[in-house]
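What the coordinates show
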Amino acid sequence: MIFISILLFIMAIAIPSLKVQISPLLLSRITTITLLYSGVLAFNAFYIQSIGSGIGIYSGLFHISTVSQLLDTFILCVGALILIPRPYIKWSGTLSNNYTLESESILGMKYSLIILFSTLGSILLISSADLLSMYLSIELQSFGVYILATLFRDSKLASSAGLKYFLLGGLSSALILLGSALVYSYTGLTNLDSIYLLTSVSNSKNISDGLVLGIAIIIIGYLFKISAAPLHNWAPDVYDDSPTIVTIWLTIMPKISILMFLLDLYLGSTINNNTILSNLLLISSLLSLIIGTVVGLAQNRIKRLLAYSTISHIGFILLALAISSEQSIESFIFYVLVYTITNLNTFLIILALGYLIKNNLQINSFNIEKSDIRFISELKGQFNNHPLLSISLAICLFSMAGIPPLIGFFSKQMVLYSAIGNGYLFMSILGILTSVISASYYLRIIRILFTIDTNTSTPITINNSNDATIISSLHSFLISTLTLIILLFILKPSIILNSTQLLSLSIFNC
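Residues numbered from 1 in each chain as written. Predicted model: local features only at pLDDT ≥ 70, side-chain atom pairs only at ≥ 80, totals over all residues. Heavy atoms only, no water.

With respect to the overall build of the chain
Formally: Strands here are runs of E lasting at least two residues and helices are runs of H or I lasting at least four, both read from the DSSP assignment and numbered beginning at the N terminus. With a 1.4 Å probe rolled over the protein chains alone, any residue whose accessible area is under 20% of its type maximum counts as buried; one over 50% counts as exposed, and the rest are partly exposed. Residues count as neighbours in contact if any of their non-hydrogen atoms are within 4.5 Å of one another. Each accessible area is a Shrake-Rupley result for a 1.4 Å probe, and residues are judged covered by the shown protein chains and nothing else.
For the chain, the count of helices and strands is 21 helices and two strands. Residue burial in the chain is summarised as follows: out of 510 residues, 56% are buried. Here the contacts in the chain between residues at least 6 apart in sequence split such that 81% fall between residues at least 24 apart. When the accessible surface of the chain is totalled, it reaches about 20,700 Å², and 67% of it is carbon and sulfur.

A few points about the packing of aromatic side chains
To keep things clear, this is the line we draw: Geometry of aromatic contacts follows a simple scheme: Phe, Tyr and Trp rings, the Trp one being its six-membered ring, pair when their centres are within 6.5 Å, and the pair is stacked under 30 degrees between planes, edge-to-face over 60, tilted otherwise.
Under the criterion given, the structure shown has 14 aromatic pairs. Plain terms: the ring middles of phenylalanine 143 and tyrosine 146 are 5.6 Å apart, the flat faces sit at 75° to each other, and that makes the pair edge-to-face. Of this pair, phenylalanine 143 and tyrosine 146 both sit in helix H6 (residues 131-149), three residues apart, roughly one helical turn. On the basis of an interplanar angle of 15° and a centroid distance of 5.8 Å, the ring pair of phenylalanine 316 and tyrosine 335 is categorised as stacked. Taken together, the residues span a long stretch of sequence, with phenylalanine 316 in helix H13 (residues 302-323) and tyrosine 335 in helix H14 (residues 326-360) at a distance of 19 residues. Exposure class is identical for phenylalanine 316 and tyrosine 335. Each is buried. Through a chain of ring-to-ring contacts, the aromatic side chains of Phe143, Tyr146, Tyr165, Phe166, Trp234 and Tyr239 assemble into a single cluster.

Focus: the side chain of threonine 32
Checked against the element boundaries, threonine 32 lands in helix H3 (residues 24-43). Ignoring anything within four residues of it in the chain, the contact list for threonine 32 reads Ala80 and Leu83.

Observations regarding unusual backbone geometry
In this structure, the amide linkage connecting alanine 229 to the following residue, proline 230, adopts the cis form with an omega of 5°. Topologically, proline 230 is positioned in the loop between helix H9 (205-225) and helix H10 (234-241). For the peptide bond that leads from proline 404 to proline 405, omega is 5°, which places it in the cis range. Of note, proline 405 is situated in the loop between helix H16 (387-401) and helix H17 (407-421).

Thoughts on a nonpolar patch on the surface
Where we set the bar: Residues qualify for a patch when their relative accessible area is over 30% and they have no salt bridge, like charges being joined within 9 Å and the nonpolar side chains of Val, Leu, Ile, Met, Phe, Trp and Tyr within 5 Å. Here, a salt bridge means any Lys or Arg side-chain nitrogen found within 4 Å of an Asp or Glu carboxyl oxygen.
Together, Leu484, Leu487, Leu488, Ile490 and Leu491 make up a nonpolar patch on the protein surface, roughly 450 Å² of accessible area in all. Relative to the elements of secondary structure, isoleucine 490 occurs in the loop between helix H20 (473-487) and helix H21 (494-508). When its relative accessible area of 42% is taken as the criterion, isoleucine 490 is described as partly exposed.

Focus on H10
With respect to burial, H10 is a largely interior element, seven of its eight residues being buried. Within H10, burial applies to Trp234, Ala235, Pro236, Val238, Tyr239, Asp240 and Asp241. Looking at the buried side of H10, the elements it contacts are helix H7 (156-187), H9, helix H11 (244-268) and H13.

A short note on the nonpolar core
The cut-off we apply is this: By convention a nonpolar core is built from buried Ala, Val, Leu, Ile, Met, Phe, Trp, Tyr and Cys residues, the set being connected through side-chain atoms within 4.5 Å.
By size, the foremost hydrophobic cluster in this structure holds 143 residues, and its most contacted members are Tyr222, Ile226, Leu263 and Phe332. Contact partners of isoleucine 226, with chain neighbours within four places excluded, come to Lys255, Ile258, Leu259, Leu262, Ile314 and Leu318.

Some words on the environment of aspartate 237
Among the structural elements, aspartate 237 can be located in helix H10. Note on aspartate 237: relative accessible area 23%, which makes it partly exposed. Expressed as a C-alpha distance, the spacing of aspartate 237 and tyrosine 165, which sit 72 residues apart in the sequence, is 9.0 Å. Not counting residues up to four positions away in its chain, the partners in contact with aspartate 237 are Lys164 and Arg304.

A closer look at the pattern of salt bridges
Counting across every chain of the model gives five salt bridges. In this structure, aspartate 240 and arginine 374 form a salt bridge, with 3.6 Å as the shortest nitrogen-oxygen distance. Taken together, the positions of aspartate 240 in helix H10 and arginine 374 in the loop between H14 and helix H15 (382-385) put the pair 134 residues apart, joining distant regions of the chain. As far as the burial class goes, aspartate 240 and arginine 374 line up, both buried. Taken together, the salt bridges that share partners define one network made up of Asp240, Asp241, Arg301 and Arg374.

Section: the confidence of the model for the chain
Heads up, the condition is: Confidence scores labelled pLDDT are given residue by residue by the predictor and lie between 0 and 100.
Overall, the predicted model of the chain reaches an average pLDDT of 82, with 83% of residues at or above 70. Of the regions scoring below 50 in pLDDT, residues 363-367 engages in 16 contacts with residues more than four places distant in sequence or in other chains. Taken as a whole, residues 456-468 scores under 50 in pLDDT and shows 13 contacts with residues more than four places along the chain or in a different chain.

A word on helix H4 (residues 66-82)
The test is simple: By this rule the span expected of a helix is its residue count minus one, scaled by 1.5 Å.
For H4, built from 17 residues, the straight-helix expectation of 24 Å at 1.5 Å per residue is met to within 8% by its first-to-last C-alpha distance of 25 Å. With respect to burial, H4 is a largely interior element, twelve of its 17 residues being buried.

Side note on the side chain of lysine 412
For the record, the criterion: The charge count treats Lys and Arg as positive and Asp and Glu as negative. His and the chain ends do not count. Between N or O atoms, a polar contact is any pair within 3.5 Å; within protein, one atom must be a potential hydrogen donor and the other a potential acceptor, and residues adjacent in sequence are included only when both atoms are from side chains.
Structurally, lysine 412 can be placed in helix H17. Buried and unpaired, lysine 412 has no salt bridge, with glutamate 330 as the nearest side chain of opposite charge at 19 Å. A polar atom in the side chain of lysine 412 sits 2.9 Å from the backbone oxygen of methionine 400. Discounting residues that sit within four places of it in the chain, lysine 412 has contacts with His313, Phe316, Tyr335, Met400, Ala401, Gly402, Ser435 and Ser438.

What to know about the packing of H16 against helix H18 (residues 425-449)
Worth spelling out the cut-off: Simply put, an axis is a line fit to the C-alpha atoms, just over the touching stretch for a helix, and the angle between two N-to-C directions goes from 0 to 180 degrees. Roughly parallel means an angle under 35 degrees; roughly antiparallel means over 145; roughly perpendicular covers 65 to 115; every other angle is labelled oblique.
Two elements in contact, H16 and H18, have axes whose closest approach is 9 Å; the angle formed by their N-to-C orientations is 170°. Taken together, the axes of H16 and H18 lie roughly antiparallel to each other. Residues Ser390, Leu393, Ala394, Leu397, Phe398, Met400 and Ala401 of H16 touch H18, and the partners they reach there are Ser435, Ala439, Tyr442, Leu443, Ile445, Ile446 and Leu449.

What to know about the environment of phenylalanine 398
For phenylalanine 398, the position within the fold is in helix H16. On the accessibility criterion, phenylalanine 398 (29% relative accessible area) is partly exposed. Spatially, the C-alpha atom of phenylalanine 398 lies 7.1 Å from that of tyrosine 442, the residues being 44 residues apart in sequence. Not counting the four nearest positions on each side in its chain, phenylalanine 398 is found in contact with Ile403, Leu406, Leu443 and Ile446.

Listed below in structure tokens is the structure:
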């Protein structure tokens, strides 16, 4: 379905008469419906569970199972939700000479097309069962987000972010390719299941050591792509320089697919008890927790702070992955789910507040940069102007800090409980300390949000009628729904917890 949609979008872009007639908003809605329908098709394909652990397609390049279908459904639904907010571009009078309605329509077409390409790479990566399909899938996803970061060509910051993302992302892709080449040189195989079978029946230390080295380099490459410390330096710059509507995609979609593939790669191998791989993940988790917490304290830009917050969350996720028990895998999946919901809602609220603040300040410009909130100080006193959005943002930040009884508290509690149960006492203590310290910069945002701005002599006039046209009803409904999930999770936790437990058992016992 996604592949067919990509072909149709390419044909639409190639036809000159459709470039102006089709609005970007319509294309965005069509892309949203396409992703939702693809998710429904993936969810409806559970007949595979009658064929044991799944089936291999395209000569074993991909492995389709119930677990992969569930993850594909989740990714497709999240991608559709990210596309719901529309870019707010405001102008007055006539447009500039280099910006026309036609160029806006073409931009909208390319945005939707790149989203489909990136999503296709994400779902293919989860189902990859071969080194070749793994590399091609991650590159398809990566090139989509590279272009997405530089999509707004009039923005110098976006161009800089995309170039930096491309150069450093190319380095991580080279590491993945090097690791794949080492695995192939020592085993002579590219199929992952065949590689695992060979290592289980072979007593050769040379093959075992070469496979450990190759998989370790592959994992390092993927840690680079999810901005895990110490390979994190690109993330704050790229997130801060990209438009917020693009940052939402960068901070969520690539990480979900890569983390799920790392889970399959780490657990599927018979060498997952090797101390080299577990220590590699533990070291990255340790540095991510420390750097994401300490460096985040010095940030005054909202997206850079959220980037370091993401690095800290990646530390908890990698800790759960390194433990590799049934309980830790359940906490791993639950934490990824909570991370997705909380970050999606946070960026949607920041995007909405940016639209409303710039509209109230009467900023007339088509430059997408000027509709973004860049500094934390811009949120000062917004509770008086937009109380519901401010309360929703405060709930998300409290959840990220791990304040009970919000859903973020239970995600951290599950990871720490599994770490203590498996003897990782030092990492558990470090996780508790970093959670307490990181709560200070979340509380700083909330304090600024609820502080009355006394520097302005005249209050800002709010035009509620224009607000309704800036933030769509779907955007508002999505924010309210995600906020209620974060807030009221404790009232009915069994739905999500039972689902993650069944999924973890399916993955762990495969």
